[in-house]
Amino acid sequence: RFDRLGPAESRRISPVDLHPDHTFLADLQESVSAAVKVSVVAGTQELAYAVQPIEVLAYDQWAGTRALPELLAAFCMPNNPAIDVLIAAASKLLRSEFPELSMNGYQSKSRDVVWKQVSALYSTICSHALQYAEPPASFGSDGQKIRTPERVLETRVATCLDLAMLFASCLEQAGLRAVVLMKEGHAWVGVWLHSACFPDPLTDDVQAVRKRVDSGEFLTFETTGVAQHHSRRPSLRIALEQGHAHLLEEDSFRYAIDIHRARELQIKPLPSRAATVKRAETDVEETPVAIEP
């Protein structure tokens, strides 16, 4: 409310105190068309009126490059119950082969220990017998719905972006710093081998990413191999070679989203909607692939 607004005078109202219906937004299964309506009233007389159409996305829908691409970090959900299941299994596997180690992030200050943690996570997710699903052709620009971690474990189906976000969620919960990488029509994941991050949440310079890989402080790996038949599942080292090969395709590279840097800029994880995780235990292989040295 203003007591007075002079001729040709401008005032900026910031922030605008909107009160969205959070329950409605959290339950939205499909995107809907909506509008923001603004009116200026003096006494009982309406002086101006404007309508701005907007699209309200489903709770699990990422907008791609139509909005800030770094908002993808919100779909990295380390506190989801399904992530606890995977972290516990990876920790058990790690201790079975290296009793002195645990999923403790960078506390050891050893890149070799970080590698073993990543390998334990990779082997654990491999054991869940996931099936690969083809993503929409335009997901990088138009976005797509992203399956939450508990839904991936329940349905056993995941796209490349679903898998990248699943791995990123596990890595973050383990205290490691994940990066989601995008090229034309594909997503994969990276992880820092020490407690570093890119200067900005979104990096579109593929040379900067390759430089970190070549220096041995950052690694990227293909995630879709975990959703292949067990006889064709690539090892983590082969997945690393595939991930690095993506970086050589300079023309198709789009950007890398650093989850830790996004968190520093207050892009928080989406709240988990699941209290527990339903798992078909018969679909889980009893013995995960051994940790790679």
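Notes on the structure in this doc start here. Predicted model only: the values in this text are computed from it and were never measured. (Residues numbered from 1 in each chain as written. Predicted model: local features only at pLDDT ≥ 70, side-chain atom pairs only at ≥ 80, totals over all residues. Heavy atoms only, no water.)

**Observations concerning the overall build of the protein chain**
Across its full length, the protein chain carries nine helices and 11 strands. Across its three principal axes, the protein chain shows a C-alpha extent of roughly 75 × 40 × 35 Å. Split into buried and exposed, the 293 residues of the protein chain put 46% on the buried side. Relative to all contacts within the protein chain whose residues are 6 or more apart in sequence, the contacts with residues 24 or more apart total 72%. Carbon together with sulfur atoms contributes 52% to the accessible area of the protein chain, which is approximately 15500 Å² in total. (Helix = DSSP H or I, 4+ residues; strand = E, 2+ residues; numbered from the N terminus. Buried < 20%, exposed > 50% of the residue type's maximum accessible area, 1.4 Å probe, protein only. Contact = heavy atoms within 4.5 Å. Areas by Shrake-Rupley, 256 points an atom, 1.4 Å probe, with all protein chains shown as cover.)

**Section: the side chain of Gln 117**
By the element assignment, Gln 117 lies in helix H3 (residues 111-126). A distance of 2.9 Å separates a polar side-chain atom of Gln 117 from the backbone oxygen of Gly 105. Each residue touching Gln 117, except ones within four places of it in the same chain, is listed here: Leu 94, Ser 102, Met 103, Asn 104, Gly 105, Ala 174 and Leu 176. (Polar contact = N/O pair within 3.5 Å; in protein donor to acceptor, adjacent residues only side chain to side chain.)

**Some details on the packing of aromatic side chains**
For the structure on display, the rule yields six aromatic pairs. Judged by centre distance (5.7 Å) and plane angle (75 degrees), the ring pair of Phe 198 and Phe 218 falls under edge-to-face. Here Phe 198, found in the loop between strand S8 (186-192) and strand S9 (202-203), pairs with Phe 218, found in strand S10 (residues 218-221); they are 20 residues apart in sequence, far enough to count as distant. Neither Phe 198 nor Phe 218 differs from the other in exposure class; each is buried. An aromatic cluster of three or more residues is present, and its members are Tyr 122, Phe 167 and Phe 221. (Phe/Tyr/Trp six-rings, centres within 6.5 Å; stacked < 30°, edge-to-face > 60°.)

**Here we look at the sheet that holds strand S7 (residues 178-183)**
Strand order in the open sheet formed by five strands is S9-S11-S7-S8-S10, with antiparallel pairing between adjacent strands. Pairing within the sheet leaves two strands with one partner each, and these edge strands are S9 and S10. Bridge count for S8 against S10 is four bridges, and the pairing is antiparallel. In the sheet register, Trp 192 faces S10, and the bridge partner there is Phe 218. (Pairing = 2+ DSSP bridges.)

**Side note on the state of the cysteines**
Following the criterion strictly, the structure yields zero disulfides and no others. Here Cys 170 stays free of any disulfide, with the sulfur of Cys 76 as its closest cysteine sulfur at 9.0 Å. No disulfide involves Cys 197; its sulfur sits 14 Å from that of Cys 76, the nearest cysteine. Since its relative accessible area comes to 23%, Cys 197 is described here as partly exposed. (Disulfide = S-S within 2.5 Å.)

Functional significance is not addressed by these values, which are geometric in nature.
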